[in-house]
Amino acid sequence: MRQSETLKRVDLSENLFAPEAWSCISDLLKVTKIEALSLRGCGAIDQNIVKFAQGLDGNRDLRELNLRANNFRSAAAIEKLLQAITTHIRLAHVDLAENNFPIEVTDAIVMVLSKSDSLRGVHLLANVSALTKQMRLEEELRDTAQPTCICEGIFKRMFRGAWQKAVDATKQAHPTTGEKTRAFSDADELVLWCARHVPEHSAWQPKIISVDDSSPFGGEERQAEPDGVFVNDCWVCRRCRHHNFRWTSPGSGAMPLTDVALLASFRDFEPVFTKRDSSSAKRAIHSKDCLIPPGSNYYLFEFGGKVHVAKDQPSVALTRVDLPTARKDKLLAICRQHGLEKVNVVEHPSLSFTIPEGLGEAQLKERIHSMLGDGMAKRDDGEHLHRLNECFEADWQFVKISELCHKDEEQEFKFIARSRYAKVLEAFLTFAGRSDGCFIKQMDVFDFFEEIQLLERDDFLQEEGEPVVASSSLRLTLADVEALVKQATARGDSSTQSATLASHVRTAKNPRTLHKERKEAVKKLREGDAINRAQFLELCIRLCIHLHAHDTLSTKEMFIDFVDNYIDKKLLKPPLSPFPKSFLVTQEMHNVLFENATTLRRLHQAYGKSFGLLITLAQKLRLYDKSFTAKHVRSLFALSKVCPINCQERSAPSLTYEEFTEAIARLALVKRFQRQQSSLLESKRTPLGTGGALLAQSGPLTASAPTLSLGKLSGAARVASLVDKISGIDARQMAQQKSIAFAKCVEKLISLIKDRMRELQGLS
């Protein structure tokens with residue numbers, strides 16, 4: 001074994017080894033290349049397992065370890081073994097069931113599950129003799145909240161929702177015997193598994209194999225299977241592998257107009273809904289990541305009330321299908337109903353099974369970014385600016401610029417528009433999030449004009465406590481807005497483009513008259529297409545021209561004035577703006593997100609699938625007040641997403657993990673008092689002052705200030721150099737302080753989330 005380079009699996013089960021033999025096994029682990037070792041039922045005691053743990057510490061190749069049914073029971077010895085398992089870089093599957101684990105090792109087990117990067121499956125407990133001890137503890141701790149067994153302790157720490165479900169089940173009598181069920185027992189086997197290479201199943205999943213059918217977890221038919229998984233069991237033991245099922249139009253077949261469901265044999269042909277990866281007028285992709293068992297796996301796709309066979313994927317005739325009788329009859333019934341003669345198939349030879357190496361893609365990215373310090377939660381500033389530039393170039397192609405400025409001015413105006421594009425984009429996303437999610441419905445565009453105080457707000461829609469804007473500052477009518485929208489969304493039709501802006505004389509109107517006029521204007525625009533990103537950019541350009549129609553300003557000067565004085569000052573303000581994306585890529589922020597990665601990933605799975613779930617999270621955190629409501633959460637959801645380059649393409653309805661971390665950071669700023677937020681972000685809106693203004697702000701220099709070498713300069717040059725150096729030092733120090741404050745702000749919100757979830761018996 002020591003010399004072999006080809007031996008990969010060794011089974012020494014049911015052998016009673018002497019202490020000297022355990023020393024040899026320990027030494028062997030340090031040099032051998034084996035990947036699977038079974039020492040089941042070898043009578044290992046505490047002293048043996050301590051030696052074994054020492055050898056495991058020096059091992060770098062073991063992937064599967066079986067120590068089931070041995071006799072070690074000391075907490076100190078077990079903790080040393082668990083520590084060696086935690087630090088192992090490749091160990092993926094461990095079976096420690098049927099050993100007498102004391103309840104004191106609960107924390108060590110939780111540490112293994114939380115800290116290990118390589119583990120994918122763990123088997124624990126199944127200690128029948130522990131049931132008597134647990135019953136004694138239940139009597140002693142009847143009036144306390146302390147766990148009475150390891151199983152309960154693990155569930156309380158890691159799966160609080162499942163623990164509460166089991167506790168509720170204990171209150172109900174068994175339907176046959178009338179006896180109450182037992183929620184947890186160390187006599188049951190606890191199986192914990194995760195699939196880090198499948199994003200949807202990267203978190204730990206529990207299963208209890210009960211020795212008592214009256215247990216709320218007893219019996220296979222009572223197991224709730226996670227979506228897209230073969231069984232709620234250890235996929236390593238089952239030798240399942242990852243497969244991406246995909247319907248691609250037009251390659252696979254017809255274009256789906258509804259949700260696409262996967263009907264697979266390993267799920268008894270029950271529908272499992274796929275996720276839409278991308279969609280356009282001519283192409284759509286729907287996919288689902290699944291763990292499939294060995295053998296032949298048959299599948300179909302269902303949408304639009306019909307079942308389909310993917311044309312671009314392997315298929316077999318129904319006569320060649322090899323399935324159990326009941327499952328085959330169900331498949332044949334489905335195919336007869338829809339006139340199908342074939343079924344898609346994917347083969348998984350059991351001999352080809354291997355456990356995927358290392359971290360999943362997302363976890364690996366986190367770890368590398370944390371070590372290199374180059375931005376874990378969001379791509380760095382350079383990539384972000386490059387993305388903005390690509391979006392601007394894509395949008396600019398659709399802007400009818402020849403109608404908006406002179407040809408000689410186009411290039412210079414394009415440069416100015418590019419410099420202000422980020423603010424226009426933020427304004428668009430703010431209202432798109434409140435409207436369609438990706439675009440702004442024409443009937444919702446009035447909200448934009450009201451927010452920048454260019455249109456009188458409908459008194460019937462005005463929120464309580466909102467300041468009333470003097471009518472003298474309002475410069476648009478409903479007819480003006482309607483004409484601007486039609487011009488911006490026109491597609492080259494001269495009859496539509498010839499519409500002129502109304503030049504109404506503003507007269508005082510009572511609220512009921514304004515409300516009626518608004519309803520009529522909304523009705524006219526209700527049937528129009530939603531406004532996309534490029535059309536909104538053109539709308540802003542047309543609006544700035546209208547506002548300065550009687551001024552002698554160039555188009556670029558009009559646009560600068562509009563963005564700076566209307567969008568920036570009146571719209572981009574707390575609690576949503578300004579948001580410092582650069583703070584997301586600092587080392588302080590890396591540390592906070594990496595230390596709380598487990599909590600954030602569980603939150604992402606629970607609340608990152610839609611804006612409705614994010615609204616639920618904000619409600620649970622009690623963030624709502626007069627200045628922050630559900631519409632702000634919808635805007636925050638849209639602002640956190642990465643914009644598609646094509647302005648006509650819809651983004652995904654859910655947040656990726658990186659987008660979700662940005663949403664959490666934005667919620668953290670909302671939690672701060674608005675005055676504090678403005679102070680934190682002041683440098684992001686206005687650059688730090690220079691000269692006398694900066695000296696006045698910075699206060700007197702103290703002895704701790706950095707020493708400045710001014711050489712032989714004198715007079716005005718000496719003063720100017722002093723000011724510049726102080727400015728640079730002060731700017732760097734202030735930026736670092738604000739970065740630290742931002743990271744602490746996010747960390748406090750994550751702590752608040754943990755506390756709130758414990759109160760609500762949700763995520764721990």
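The model shown is predicted, which means the values in this text are computed figures rather than measured ones.

Draft legend 1. Examining the confidence of the model for the protein more closely. Across the protein, pLDDT averages 76, with 70% of residues at or above 70. Considering only residues more than four positions removed or in separate chains, one finds that residues 368–379, a stretch of pLDDT under 50, has 31 contacts.

Draft legend 2. Spatial organisation of helix 22 (residues 611–620). Among all positions of helix 22, only Leu614, Ile615, Leu617 and Ala618 are buried. End-on view of helix 22: buried residues confined to an arc of 155 degrees, all on one side of the axis. The positive-phi residue at the C-terminal boundary of helix 22 is Arg622, with phi of around 60 degrees.

Draft legend 3. Quick look at the packing of helix 13 (residues 421–434) against helix 19 (residues 555–571). Interhelical geometry of helix 13 versus helix 19 gives an angle of 45 degrees and a closest axis separation of 10 Å. Considered as vectors, helix 13 and helix 19 are oriented oblique to each other. You can see that helix 13 and helix 19 cross each other, and the crossing is left-handed. For the pair helix 13 and helix 19, contact is made by Lys423, Val424, Ala427 and Phe431 and by Phe559, Val563, Asp564, Ile567, Asp568 and Leu571, respectively.

Draft legend 4. Region of interest: the packing of aromatic side chains. Within this structure, the stated rule accounts for 19 aromatic pairs. Plain terms: the ring middles of Trp247 and Phe303 are 5.2 Å apart, the flat faces sit at 70 degrees to each other, and that makes the pair edge-to-face. Here the residue Trp247 occupies a position in strand 8 (residues 241–249), and Phe303 occupies one in strand 13 (residues 295–303), the gap between them amounting to 56 residues. Across the pair, exposure class does not vary: Trp247 and Phe303 are buried alike. When the centroid spacing of 5.8 Å and the interplanar angle of 90 degrees are considered together, the rings of Tyr299 and Phe301 count as edge-to-face. Of the two residues, Tyr299 and Phe301, neither departs from the other in class, the shared state being buried. Sitting above the plane of the Tyr657 ring, Arg601 keeps its charged end 3.8 Å from the centroid. Above the ring of Phe579, the side-chain terminus of Arg666 is found at 4.1 Å from the ring centroid.

Draft legend 5. The arrangement of empty space enclosed by the protein in detail. This model, assessed by the stated rule, comprises four cavities of 30 Å³ or more. The space that makes up the largest cavity amounts to roughly 150 Å³. Looking at the largest cavity, it is lined by 14 residues, and the ones nearest its centre are Leu429, Cys438, Cys643, Pro644 and Ser651. Residues of the lining of the largest cavity, tallied by class, amount to nine nonpolar, two polar and three charged. Size it by volume and the second largest cavity reaches roughly 60 Å³. Around the second largest cavity, the lining residues are Leu82, Ile85, Val94, Leu96, Ile109, Val112, Leu113, Leu119, Val122 and Leu124. Taken together, the elements giving at least two residues each to the lining of the second largest cavity come down to helix 3 (75–87), helix 4 (106–115) and strand 5 (121–125). Residues that form the lining of the second largest cavity fall into these classes: 10 nonpolar, no polar and no charged.

Scoring rules and cut-offs
- Residues numbered from 1 in each chain as written.
- Predicted model: local features only at pLDDT ≥ 70, side-chain atom pairs only at ≥ 80, totals over all residues.
- Heavy atoms only, no water.
- pLDDT = per-residue confidence, 0-100.
- Contact = heavy atoms within 4.5 Å.
- Buried < 20%, exposed > 50% of the residue type's maximum accessible area, 1.4 Å probe, protein only.
- Helix = DSSP H or I, 4+ residues; strand = E, 2+ residues; numbered from the N terminus.
- Arc of directions from axis to C-beta.
- Axes fitted to C-alpha atoms, helices over the stretch in contact; angles between N-to-C directions.
- Parallel < 35°, antiparallel > 145°, perpendicular 65-115°, else oblique.
- Left-handed = near helix turned anticlockwise from the far one by under 90°.
- Phe/Tyr/Trp six-rings, centres within 6.5 Å; stacked < 30°, edge-to-face > 60°.
- Lys NZ or Arg CZ within 6 Å of the ring centre and 35° of its normal.
- 1 Å grid on protein atoms, 1.4 Å probe; cavity = no way out; pocket = protein on both sides within 12 Å on 5 of 7 lines; lining within 4 Å.
- Points joined across faces, edges and corners; volume = space filled by probe spheres on them.
- Nonpolar A, V, L, I, M, F, W, Y, C, P; charged D, E, K, R; others polar.

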